[in-house]
Amino acid sequence: MQSVTLSLFRFGALSARLWAFAQMGLARRGLSKIRDIETWKLCGSGTGEGFTPVPNTAVYAILATWPDHDAARRAIHGSDVFRRYRAHATETRTLFLSATSARGTWAGEAPFDAGAEPDHGPIAALTRATIKPKVAAKFWGRVPGISKVIGEDPNVLFKIGIGEVPWLHQVTFSIWPDANSMAAFARHDGPHARAIRAVRTEQWFKEDLYARFNVDAIEGVWEGKAPDLPLADQMRDDTRIAAE
């Protein structure tokens, strides 16, 4: 079954941040040569809750797909590209996901093979959109309200906003305890729901994609915290087996 990984890296010193920024171009060749990698995307991130147009120069991400979780683990732990990122970063975390649903396209392709059966939870949601330049100001004008609401929602286990091109390409990623809590947030008539209606009625996006995932395993430390059990135990066992 296809594996989807989201690897996050936090960089501290200015030299490390400049290195990470340069990798947005330089790492492409190395990623393309990794065995078993399928789709990959190099992304920056936003400040605050992550869902803002102001770049966060400290956090970068690599989103990738692989034939299965074992192939993903071998590459992430063994390839030079990921090793260099870890060597320069102060924190790193990788989430191992399997898609349960996906609709839309990303750069003209459908990257996620939605073949997994939905689990009870936790579940992750990813949205990706190419914003039409003429409505970019309108779109980002809605973002502070959305960011505030999602930041205050106690059900959100994890959240980050990333993107390939600032202001025009945006990706939101969040983890929820279960499908009900995520649906309740989406249905609530607040800034998020109003923005969704505007996106649909006024056709703000050139292209969009929406996907849900099972969260199968988590590795690493983020914001000084290890992942919640039992996923962390599963990841440690699987990583040990892969290394052997």
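Anything mentioned here points back to the structure above.
Since this is a predicted model, take the numbers as computed values, not measurements.

Colleague: Requested: an account of the overall build of the protein chain, with residues and values cited.
Modeller: When you go through the protein chain residue by residue, the secondary structure sums to seven helices and eight strands. For the protein chain, buried positions account for 47% of its 244 residues. Long-range pairs, those at least 24 residues apart, make up 75% of the contacts in the protein chain between residues at least 6 apart in sequence. With the model as given, the accessible surface of the protein chain reaches about 12,200 Å², and the carbon-plus-sulfur share is 54%.

Colleague: Got a sec to walk through the nonpolar core? Specific residues and values, please.
Modeller: In globular proteins that are soluble, nonpolar side chains generally tend to be buried together. Membership of the largest hydrophobic core comes to 27 residues, with the highest contact counts inside it found for Phe112, Leu126, Phe173 and Phe213. Contributions of two or more residues to this core are made by strand 1 (3-10), strand 3 (55-66), strand 4 (91-104), strand 5 (123-131), strand 6 (158-163), strand 7 (169-176) and strand 8 (205-221). For this core, the element with the highest residue contribution is strand 8, accounting for five residues. Here Phe213 is in contact with Val4, Leu97, Ser98, Ala99, Thr100, Phe112, Pro122, Ile123, Ala124 and Leu126, once residues within four sequence places are set aside. Membership of the second largest hydrophobic core comes to 25 residues, among which are Ile34, Phe82, Ala89 and Phe96.

Colleague: Quick one: what's the story with the sheet that holds strand 2 (residues 40-46), residue by residue and with numbers?
Modeller: Note: strands within a sheet are paired through backbone hydrogen bonds, in either parallel or antiparallel orientation. The strand order around the closed barrel formed by eight strands is 1-3-2-6-7-5-8-4, and the pairing between neighbours is antiparallel. Here the average twist between neighbouring strands, direction ignored, is 30°. Strand direction decides the pairing type here: strand 6 and strand 7, joined by five bridges, are antiparallel. Paired with Gly161 across the bridge in strand 7 is Thr172. Strands in contact with helix 2 (residues 69-78) are strand 1, strand 3, strand 4 and strand 8; relative to strand 4, the strand with the most contacts, it is inclined by about 145°. On the sheet, helix 3 (residues 80-88) packs against strand 1, strand 2, strand 3 and strand 4 and is oriented at approximately 30° with respect to strand 1.

Colleague: Can you explain the packing of aromatic side chains? Please cite residues and give values.
Modeller: For any pair of aromatic rings, the description rests on two quantities: the centre-to-centre distance and the angle between the ring planes. Scanning all chains against the criterion turns up eight aromatic pairs. Note on Phe158 and Phe173: the rings are 6.5 Å apart at their centroids and 70° apart in plane angle, and the pair reads as edge-to-face. Of this pair, Phe158 sits in strand 6 while Phe173 sits in strand 7, and the two are 15 residues apart along the sequence. A relative accessible area of 13% places Phe158 in the buried class. Three or more aromatic residues joined by ring pairs form one cluster here, namely Phe9, Phe11, Trp19, Tyr60 and Tyr85. The positively charged end of Arg10 is found above the aromatic ring belonging to Trp222, 4.3 Å away from the centroid. Positioned above the aromatic ring of Phe96 is the side chain of Arg73, whose terminal nitrogen or guanidinium carbon lies 5.2 Å from the ring centre.

Colleague: Explain empty space enclosed by the protein to me, and be specific about the residues and the numbers.
Modeller: What the rule picks out here adds up to one cavity of 30 Å³ or more. Of the voids in this model, the largest cavity is the one considered here, and its volume is about 30 Å³. For the lining of the largest cavity, the leading source of residues is strand 3, giving three residues. For the lining of the largest cavity, the residue count by class is five nonpolar, two polar and one charged.

Thresholds, definitions, all that
- Residues numbered from 1 in each chain as written.
- Predicted model: local features only at pLDDT ≥ 70, side-chain atom pairs only at ≥ 80, totals over all residues.
- Heavy atoms only, no water.
- Helix = DSSP H or I, 4+ residues; strand = E, 2+ residues; numbered from the N terminus.
- Buried < 20%, exposed > 50% of the residue type's maximum accessible area, 1.4 Å probe, protein only.
- Contact = heavy atoms within 4.5 Å.
- Areas by Shrake-Rupley, 256 points an atom, 1.4 Å probe, with all protein chains shown as cover.
- Core = buried A, V, L, I, M, F, W, Y, C linked by side-chain atoms within 4.5 Å.
- Pairing = 2+ DSSP bridges.
- Axes fitted to C-alpha atoms, helices over the stretch in contact; angles between N-to-C directions.
- Phe/Tyr/Trp six-rings, centres within 6.5 Å; stacked < 30°, edge-to-face > 60°.
- Lys NZ or Arg CZ within 6 Å of the ring centre and 35° of its normal.
- 1 Å grid on protein atoms, 1.4 Å probe; cavity = no way out; pocket = protein on both sides within 12 Å on 5 of 7 lines; lining within 4 Å.
- Points joined across faces, edges and corners; volume = space filled by probe spheres on them.
- Nonpolar A, V, L, I, M, F, W, Y, C, P; charged D, E, K, R; others polar.

What is shown is where atoms sit, not what they do.
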